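As a plain string of letters, each chain reads:
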Amino acid sequence: MEFLTALLSIIVIDLVLAGDNAILIGLAARNLPKHQQKKVILWGSLGAIIIRIVATLAVVWLLEVPGLHLIGGILLVYIAYKLLVDNDNHDDVKAGDSFWAALRTVIIADALMGLDNVLAVAGASHGNMLLVVIGLLISVPVVMWGSTIILKWIDRFPIIITIGAGILAWTASKMIVGEHFLSGLFENGFVKYGFEILVIAAVILTAKYVQSKAAKNQEEETVLLKTGSN
């Protein structure tokens, strides 16, 4: 049951995070002819996946170092929060005007953007290499072919992002409570599961509050502009 729960977490993480990388690949190749676009998508995705495999295996190994579960958990909490409040549309992604320029943009940008996916999959796998491999195999078709489908799903069901952020926050909390030198604090099951629920609630409620405050400020600015123009 624990294996299946972790696998489901990895699948949702891949759907929510890897889809963003798929959009990046499309943007980087948008100025190329159709036949070159397909090549950039194929080789760019393969290059990004190879980098992601190496990075994920390295992170799984590094998480054995004392203290890094705590650091990784805190980073994932931030990633979960940013997933809810960040409205980055990738307008700053430079479209390559040649095959090699586009390919370079895809691999470098995806390697940088894929750090959240790498950390999340490594954390959700709890050191199980089979789960890591399955998670990476799932991310391949998502990155290469899933951007259009994922965008449609998210536009139609925005709650997918909230669910994904909640799973990231849950993964983060499990990494924190799994830190060896903090084990004494979470021996009590009530404290352990209470902390995990608290982290999930804090991430989602804080993000929702920031979103509502930003929306309110935007409405006030719009009203002031209309009043000023009149």
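Check the entry above for the structure.
Residues numbered from 1 in each chain as written. Predicted model: local features only at pLDDT ≥ 70, side-chain atom pairs only at ≥ 80, totals over all residues. Heavy atoms only, no water.

K.L.:
Help me out: how do you make sense of the environment of Ile41 in this one?
P.N.:
Along the chain, the position of Ile41 falls in helix H2 (residues 34–62). Separated by 61 residues in the primary sequence, Ile41 and Ala102 have C-alpha atoms spaced 9.4 Å apart. (Helix = DSSP H or I, 4+ residues; strand = E, 2+ residues; numbered from the N terminus.)

K.L.:
Whenever I open this one, the nonpolar core confuses me. Can you help?
P.N.:
Note on soluble globular proteins: their nonpolar side chains tend to be buried together. Counting residues in each nonpolar core, the largest one holds 33 residues, and the members touching the most others are Ile13, Val59, Leu76, Leu84, Leu119 and Leu168. If you list the elements that add at least two residues to this core, you get helix H1 (2–28), H2, helix H3 (68–85), helix H5 (115–125), helix H6 (129–145), helix H8 (159–177) and helix H9 (189–229). Residue contributions to this core peak at seven residues, all from H8. Those residues in contact with Val59 that sit more than four places away from it in its chain are Val118, Leu119 and Ala122. (Core = buried A, V, L, I, M, F, W, Y, C linked by side-chain atoms within 4.5 Å. Buried < 20%, exposed > 50% of the residue type's maximum accessible area, 1.4 Å probe, protein only. Contact = heavy atoms within 4.5 Å.)

K.L.:
Explain H3 to me, please; I cannot follow it from the model alone.
P.N.:
Every α-helical turn comprises 3.6 residues, leaving residues that sit three or four positions apart pointing alike. End to end, H3 covers 26 Å across 18 residues, agreeing with the expected 26 Å (1.5 Å per residue, within 8%). The set of residues buried in H3 consists of His69, Gly72, Gly73, Leu76, Ile79, Ala80, Leu83 and Leu84. Each buried residue of H3 sits inside an arc of 130° when the element is viewed along its axis, so together they form one side. (Expected span 1.5 Å × (residues − 1). Arc of directions from axis to C-beta.)

K.L.:
How do you make sense of the layout of surface pockets when you look at a structure like this?
P.N.:
By rolling a water-sized probe across the atoms, one finds the places where empty space is left. Space inside the second largest pocket adds up to approximately 290 Å³. Lining the second largest pocket are 16 residues, and of these His69, His126, Lys174, Met175 and Gly178 sit closest to its centre. At three residues, the largest contribution of residues to the lining of the second largest pocket is made by H8. Among the residues making up the lining of the second largest pocket, the classes are represented as five nonpolar, six polar and five charged. (1 Å grid on protein atoms, 1.4 Å probe; cavity = no way out; pocket = protein on both sides within 12 Å on 5 of 7 lines; lining within 4 Å. Points joined across faces, edges and corners; volume = space filled by probe spheres on them. Nonpolar A, V, L, I, M, F, W, Y, C, P; charged D, E, K, R; others polar.)

K.L.:
So what exactly am I meant to see when it comes to the packing of aromatic side chains here?
P.N.:
Given two aromatic rings, one states the distance between the centres and the angle between the planes to describe the pair. Applying the stated criterion to the full structure yields one aromatic pair. Ring geometry for Phe186 and Phe195: centres 5.1 Å apart, planes at 50°, overall tilted. On the accessibility criterion, Phe195 (24% relative accessible area) is partly exposed. (Phe/Tyr/Trp six-rings, centres within 6.5 Å; stacked < 30°, edge-to-face > 60°.)

K.L.:
Just checking my understanding: could you explain a nonpolar patch on the surface for this structure?
P.N.:
On the surface, Trp153, Phe157, Ile159 and Ile163 cluster together into a nonpolar patch covering about 420 Å² of accessible area. Checked against the element boundaries, Phe157 lands in the loop between helix H7 (147–156) and H8. (Patch = residues over 30% accessible without salt bridge, like charges linked within 9 Å, V, L, I, M, F, W, Y side chains within 5 Å. Areas by Shrake-Rupley, 256 points an atom, 1.4 Å probe, with all protein chains shown as cover. Salt bridge = Lys/Arg side-chain N within 4 Å of Asp/Glu carboxyl O.)

K.L.:
Would you explain the packing of H3 against H8 in this entry?
P.N.:
When two helices pack together, their arrangement is given by the angle between their axes and by how far apart the axes lie. For the pair H3 and H8, interaxial distance at closest approach is 8 Å and the crossing angle is 165°. The angle between H3 and H8 places the two elements in the roughly antiparallel class. As for how H3 packs across H8, the hand of that crossing is left-handed. Where H3 abuts H8, its residues His69, Leu70, Gly72, Gly73, Ile74, Leu76, Val77, Ile79, Ala80, Leu83 and Leu84 lie against Ile161, Thr162, Gly164, Ala165, Leu168, Ala169, Thr171, Ala172, Met175 and Ile176. Classifying every residue of the contact of H3 with H8 by side-chain character gives 15 nonpolar, six polar and no charged. (Axes fitted to C-alpha atoms, helices over the stretch in contact; angles between N-to-C directions. Parallel < 35°, antiparallel > 145°, perpendicular 65-115°, else oblique. Left-handed = near helix turned anticlockwise from the far one by under 90°.)

K.L.:
How do you make sense of H8 when you look at a structure like this?
P.N.:
The end-to-end C-alpha distance of H8, which contains 19 residues, comes to 27 Å, matching closely the 27 Å that a straight helix rising 1.5 Å per residue would cover. A large share of H8 lies buried, amounting to 14 of its 19 residues.

These figures come from the coordinates and say nothing about function on their own.
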